[in-house]
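Here is what each chain is made of, one letter per residue.
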Amino acid sequence: MTCDAYYGTHSSFSPSPSELDRCARRDIEASTARAYALLGASTTIFGTLNLFFTAWSIKRLGVKPALMIQVFWAAARTTIQMLGLVTGSSTGIMIVQCSQIMTIIGGPNGYVLGLNSYIAEVSGHEGRTGALGRLSGIMMMGSATGFLVGGIVGEHLGILAPFQMAWCSFLLCTLFIFLALPSITPAEKPATASQVSGIKRYFGPLRIFAPQKWTLENGQTSAQFGALTLGIGVYLAILATGYIPTLLQMYSTNEFGFGTGANGRLIFIYSTLRGLFLSLIFPRIISLGRKWLQPVTTTPENSAWEPPAEESRMGDVPTSPSEVEPVDNMDNETNAVNPPQRKSENETYVFDLWYARSSILLDCILTGLATFVTHGWQLYIVAVVLPLGAGTGAASKGTILQMIPSSERVDALSGITLVENLARLSTSAIFGLIFAAFAQLGRSQLTFVCNAGVAFVGFVVLMLSRFPPKNSHRIDE
């Protein structure tokens, strides 16, 4: 489209024997880069706002309606983008850019948060971390397949075809949510003096990382920084590993002359194996690790910490994200269900935090070893072994859900997702500059060393994260 816009105001292209690509001009490439950068920036900004909107809609409407809203409006955004592609030129670019505003109402961040919240509600306390990891793995495999199939379809049927496939997928997904997913009946929570209201309620994803005051068993008051250090550790973990797919492609192209096809296979292997690891192996590791560290089932009397007093008084009332405030239930369908009763909701699984530390340390080691790659075929080995360090994000989600009351699950998941988004934005900027600097010196492999260094700092930070002490109670302000 930038190519068409350029020749709309300049003379037509007359190819010479050495210049066969009409779009291979620096002005066009610069214009494309600016448009793409603007698209990426707007996606990040509106995607962050989408997190707050989704968290609000989950609390207000429930998980199922919020999830339907996210997927349906993503389809509506794709419709406008297809209109921009058909229009083409500078007008088409403007239409595509403006379509990103709709990301506030429905977008990837929103439906990922909705899916995580749904999984957190319908899965038992003991299986929640594994379920979150399995969900992350399936989404990663879907993303890898989408890039692969979208590229093939786009090459053979035109650039509009992948958008049409995405549009159909969104609508089918919306219909599936409406017909197949059960509605979770929200449970009303008695109003308390400590309940957060007003504008502060909408900044729950940020408040979740604030230092918390807890009353210890001996009556003393202590400030706990477990959630804060966990959030910083997750940020550093994503900062270290988020650039790996791009780094593998750029390094393989610069050093070993990989083309589009070879790079496509490389990233497909990396993403698919990472998804398979999270889907199939990660939940089993979590289950076996918990049994190894806690072979005897704990009870509220000997668990690591007890929930706040008001949560304990809830008795048999089922938990749901809509407990944060009174809810207007918009799902009166006959298939409405209550989440399963959590018999050990206050049990702490220390292995989840231990796994988060171990996975980022393994990421550090494996990424550092990639520095010694000297042949192109060795990059495929790197793509195979790097997924073995996956799971830091999923284990951290499971950990923070144990650190906070069940009524703040949505805010906790929103907060972790927000941290991950900020880290992904940062890693593209920071490590993009680092790679460019090392490439200019002819030592681009040293970028892997920097990645490993950041991962090690993240490991050190996660070592500082702790669960609240045994038999302590949080002080709600």
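A quick note: this is a predicted structure, and the numbers were derived from the prediction, not measured.

K.L.:
I keep staring at the overall build of the protein and nothing clicks. Help me out?
P.N.:
Looking only at helices and strands, one finds 17 helices and 3 strands in the protein. A total of 477 residues make up the protein; the buried ones form 48% of that total. Taking the contacts inside the protein whose residues are at least 6 apart along the sequence as the reference set, 82% of them involve residues at least 24 apart. A total of about 22700 Å² of accessible surface is found on the protein, and carbon and sulfur atoms cover 67% of it.

K.L.:
What is the right way to look at empty space enclosed by the protein in this model?
P.N.:
If a probe as big as a water molecule is rolled over the atoms, it shows which places are left empty. Using the criterion set out here, one finds 2 cavities of 30 Å³ or more in the structure. Estimated volume of the largest cavity: approximately 70 Å³. Forming the walls of the largest cavity are Gln 212, Trp 214, Gln 224, Phe 225, Gly 226, Ala 227, Met 403, Ile 404, Arg 466 and Pro 468. Taken together, the elements giving at least two residues each to the lining of the largest cavity come down to β1 (212-215) and α9 (226-241). Counted by class, the lining of the largest cavity contains 6 nonpolar, 3 polar and 1 charged residues. If you trace the second largest cavity, you find it lined by Thr 241, Ile 244, Tyr 270, Arg 274, Asp 363, Thr 367 and Leu 386. Mapped onto the lining of the second largest cavity, the elements with two or more residues apiece are α11 (260-293) and α13 (350-369).

K.L.:
Any chance you could explain the packing of α9 against helix α15 (residues 392-403) here in plain terms?
P.N.:
The relative placement of two packed helices comes down to the angle between their axes together with the axis-to-axis distance. Orientation of α9 relative to α15, taken along the N-to-C sense of each, is 170°, at an axis distance of 11 Å. Taken together, the axis directions place α9 and α15 in an arrangement best described as roughly antiparallel. When α9 is examined against α15, the residues Gly 226, Ala 227, Leu 230, Val 234 and Ala 237 are found in contact with a partner set consisting of Thr 392, Ser 396, Thr 399, Ile 400 and Met 403. The class makeup of the residues in the contact of α9 with α15 is 6 nonpolar, 4 polar and no charged.

K.L.:
Whenever I open this one, the nonpolar core confuses me. Can you help?
P.N.:
Among the nonpolar cores identified, the biggest contains 76 residues, and Leu 248, Phe 282, Tyr 355 and Ile 400 are the most heavily contacted of them. When residues of this core are assigned to their parent elements, the largest contribution, 9 residues, is made by helix α16 (residues 409-440). Counting the residues that make up this core, at least three belong to each of domain 1 (1-8 + 23-182) and domain 2 (204-294 + 325-476). If near-sequence neighbours (up to four positions away) are discounted, Tyr 355 is found in contact with Phe 277, Phe 282, Ile 285, Ile 286, Ala 390, Gly 391 and Ala 395.

K.L.:
Sorry, what's going on with the pattern of salt bridges here?
P.N.:
According to the stated counting rule, one finds 2 salt bridges in the structure shown. Measuring nitrogen to oxygen at the nearest pair gives 2.7 Å for the salt bridge that ties Arg 290 to Asp 352. Of the two residues, Arg 290 is situated in helix α11 and Asp 352 in helix α13; the sequence distance between them amounts to 62 residues. Taking the relative accessible area as the measure of exposure, Arg 290 reaches 6% and is therefore buried. In this structure, Glu 420 engages Lys 397 in a salt bridge whose closest nitrogen and oxygen atoms are separated by 3.0 Å. You can see Glu 420 sitting in helix α16 and its partner Lys 397 sitting in helix α15, a full 23 residues away along the chain. For Lys 397, a relative accessible area of 6% translates into the label buried.

K.L.:
Whenever I open this one, helix α3 (residues 63-87) confuses me. Can you help?
P.N.:
Residues three or four positions apart in an α-helix share a direction because the helix packs 3.6 residues into each turn. The first and last C-alpha atoms of α3 sit 37 Å apart over 25 residues, in line with the 36 Å expected at 1.5 Å per residue. After α3 finishes, the residue Gly 88 shows a positive phi value of roughly 75°.

K.L.:
I keep staring at the pairing of β1 and nothing clicks. Help me out?
P.N.:
Burial along β1 is one-sided: the face carrying Gln 212 and Trp 214 is buried and the face carrying Lys 213 and Thr 215 is not. The pairing of β1 with strand β2 (residues 221-224) spans 4 bridges and is antiparallel. If you follow Gln 212 over to β2, its bridge partner there is Gln 224.

K.L.:
Sorry if this is basic, but what is going on with the environment of Leu 462 here?
P.N.:
Assignment of secondary structure puts Leu 462 in helix α17 (residues 446-463). Residue Leu 462 is classed as buried on the basis of its relative accessible area, which comes to 0%. Residues Leu 462 and Ser 358 lie 104 residues apart in sequence; the distance between their C-alpha atoms is 9.6 Å.

K.L.:
Help me out: how do you make sense of the packing of aromatic side chains in this one?
P.N.:
Between two aromatic rings, the relevant description is the distance of the centres plus the angle of the planes. On inspection of all chains with the given rule, the structure shows 13 aromatic pairs. Ring geometry for Tyr 6 against Tyr 7: centres 5.1 Å apart, planes inclined by 85°, an arrangement best described as edge-to-face. Tyr 7 matches Tyr 6 in its accessibility class, with the two residues each being buried. Each ring, one from Tyr 251 and one from Phe 448, has its centre 5.4 Å from the other, and the planes form 90°; the classification is edge-to-face. Taken together, the positions of Tyr 251 in helix α10 (residues 244-256) and Phe 448 in helix α17 put the pair 197 residues apart, joining distant regions of the chain. Each member of the pair, Tyr 251 together with Phe 448, is buried. Of the aromatic side chains, those joined through ring pairs into one cluster are Phe 282, Trp 292, Phe 351, Trp 354 and Tyr 355. The ring of Phe 178 has Lys 64 lying over it, and the distance from NZ or CZ to the ring centre is 5.9 Å.

K.L.:
Could you clarify how one ought to interpret the packing of helix α6 (residues 128-157) against α15 in this entry?
P.N.:
Here α6 crosses α15 at 145°, and the two axes come no closer than 8 Å. Judged by the twist between their axes, the crossing of α6 over α15 is right-handed. Counting all contacts with α6, which are made through Arg 128, Thr 129, Leu 132 and Gly 133, the residues of α15 involved are Ala 394, Ala 395, Lys 397, Gly 398, Leu 401 and Gln 402.

K.L.:
Would you mind showing me how to read α6 here?
P.N.:
Between its first and last C-alpha atoms α6 spans 42 Å; for 30 residues at 1.5 Å apiece the expected length is 44 Å, and the two agree. Two residues or fewer past α6, Gly 158 is found with a positive phi of approximately 105°.

K.L.:
I tried to follow the environment of Ser 358 on my own but got confused; where do I start?
P.N.:
The topology assignment puts Ser 358 in helix α13. With 101 residues separating them along the chain, Ser 358 and Phe 459 place their C-alpha atoms 7.8 Å apart.

How each quantity is defined
Position numbers for residues count from 1 along each chain, tracking the sequence in the order it is written. Since the coordinates come from a predicted model, pLDDT governs what is reported: local features require at least 70, and pairs of side-chain atoms require 80 or more to be given and counted, while whole-chain, interface and lining totals use all residues. Values reported for side chains reflect all heavy atoms of the structure, with hydrogen atoms and water molecules removed beforehand. Helix and strand labels come from DSSP, where a helix needs a run of H or I of at least four residues and a strand needs a run of E of at least two; each type is numbered from the N terminus. Here's how the labels work: a residue is buried when its accessible area is under 20% of the maximum for its type, exposed when over 50%, partly exposed in between, all with a 1.4 Å probe on protein chains only. Should any heavy atoms of two residues lie within 4.5 Å, those residues are considered in contact. The Shrake-Rupley method, run with a 1.4 Å probe, gives the accessible areas here. Residue values count only the displayed protein chains as cover. Cavities and pockets were defined on a 1 Å grid built over protein atoms only: a cavity is a set of grid points that admits a 1.4 Å probe from which the probe cannot escape, a pocket is an open set flanked by protein on both sides within 12 Å along at least five of seven lines, and lining residues are those with an atom within 4 Å of any such point. Grid points are joined across faces, edges and corners, and a volume is the space filled by probe spheres set on the points. Classes in brief: Ala, Val, Leu, Ile, Met, Phe, Trp, Tyr, Cys and Pro nonpolar; Asp, Glu, Lys and Arg charged; the others, Gly included, polar. Each axis is a line fitted through C-alpha atoms, and for a helix only the stretch in contact is used; angles between axes span 0 to 180 degrees, taken between their N-to-C directions. Just so you know how the angles are binned, under 35 degrees is roughly parallel, over 145 roughly antiparallel, 65 to 115 roughly perpendicular, and the rest oblique. What makes a nonpolar core is a set of buried Ala, Val, Leu, Ile, Met, Phe, Trp, Tyr and Cys residues whose side-chain atoms join them at distances within 4.5 Å. For the domains described, the bounds stem from an automatic or database domain assignment. Within this document, salt bridges are pairs made up of a side-chain nitrogen of Lys or Arg and a carboxyl oxygen of Asp or Glu, the two lying within 4 Å of each other. Expected span, for any helix, means 1.5 Å times one less than how many residues it has. Here, any two strands with at least 2 DSSP bridges between them count as paired. The criterion for an aromatic pair is that two Phe, Tyr or Trp rings (for Trp, the six-membered ring) have centres within 6.5 Å, with stacked assigned to planes under 30 degrees apart, edge-to-face to planes over 60 apart and tilted to the rest. Geometrically, a charge over a ring is one whose NZ (Lys) or CZ (Arg) sits within 6 Å of the ring centre while staying within 35 degrees of the ring normal. Each crossing gets its hand from how the near helix is turned against the far one by less than a right angle, where anticlockwise is left-handed and clockwise is right-handed.

Just geometry here; none of it tells us what the structure is for.
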